Amino acid sequence: MDGQYRKDIYPGQEVAIILKKDQRTGKLTYGIVKDLLTSAAYHSRGIKVRLEDGQVGRVAEIDVIDPDGE
């Protein structure tokens, strides 16, 4: 599932995001949502979130398992 709808994302959820610096490559970063930063109900490139470790990016996938096991 992609992360274009705000209603599908909530704090504590495991997600994969794309950081600004990784937009060209599409490299995913995995973590737990701390804050939702996009106030709109929908965003075509994904809802912007802050992870618990402080990284900020747009949600690419929801309810994922971190392949690194972190």
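This report concerns the structure included in the present document. (Residues numbered from 1 in each chain as written. Predicted model: local features only at pLDDT ≥ 70, side-chain atom pairs only at ≥ 80, totals over all residues. Heavy atoms only, no water.)

1. Concerning the pattern of salt bridges
Okay, step 1: Per the counting criterion, the structure on display carries 2 salt bridges.
Okay, step 2: Taking the shortest distance from any N to any O, the salt bridge between D8 and K7 comes out at 3.3 Å.
Okay, step 3: Of the charged contacts in the structure, one is a salt bridge between R50 and D35, with a shortest N-O distance of 3.0 Å. Here R50, found in strand β3 (residues 48–51), pairs with D35, found in strand β2 (residues 29–36); they are 15 residues apart in sequence, far enough to count as distant.
Okay, step 4: The exposure class assigned to R50 is partly exposed, which follows from its relative accessible area of 30%.
Okay, step 5: Exposure remark for D35: the relative accessible area of 28% places this residue in the partly exposed category. (Salt bridge = Lys/Arg side-chain N within 4 Å of Asp/Glu carboxyl O. Helix = DSSP H or I, 4+ residues; strand = E, 2+ residues; numbered from the N terminus. Buried < 20%, exposed > 50% of the residue type's maximum accessible area, 1.4 Å probe, protein only.)

2. So, the environment of K27
Okay, step 1: Inspection of the secondary structure assignment puts K27 in the loop between β1 (14–19) and β2.
Okay, step 2: The contact partners of K27, leaving out residues within four places of it in the chain, are I17, I18 and D22. (Contact = heavy atoms within 4.5 Å.)

3. Some remarks on the pairing of β2
Regular strands have side chains that alternate between both faces of the sheet.
Okay, step 1: Across 4 bridges, β1 lies against β2 in antiparallel orientation. Residue pairing in the sheet places I17 in a bridge with T29 of β2. (Pairing = 2+ DSSP bridges.)

4. Regarding the sheet that holds β2
Okay, step 1: The 4 strands are arranged β1-β2-β3-β4 in a closed barrel whose pairing can be described as antiparallel. Here the average twist between neighbouring strands, direction ignored, is 70°.
Okay, step 2: Looking at chain direction, β3 and strand β4 (residues 56–62) are connected through 3 bridges and run antiparallel. Residue pairing across strands places R50 opposite V56, the latter belonging to β4. (Axes fitted to C-alpha atoms, helices over the stretch in contact; angles between N-to-C directions.)

5. Describing the environment of G54
Okay, step 1: Looking at the secondary structure, you find G54 in the loop between β3 and β4.
Okay, step 2: Remark: the alpha-carbon pair of G54 and K34, spanning 20 residues in sequence, is separated by 8.2 Å.

6. Examining the nonpolar core
Okay, step 1: I9, V15, I17, L19, V33, L36, I47, V49, L51, V59 and I62 together form the largest nonpolar core, which totals 11 residues.
Okay, step 2: For this core, the secondary structure elements donating two or more residues are β1, β2, β3 and β4.
Okay, step 3: The leading source of residues in this core is β1, at 3 residues.
Okay, step 4: Once residues within four sequence positions are removed from consideration, V33 is found in contact with I9, Y10, P11, G12, Q13, V15, V49, R50, L51 and E52. (Core = buried A, V, L, I, M, F, W, Y, C linked by side-chain atoms within 4.5 Å.)

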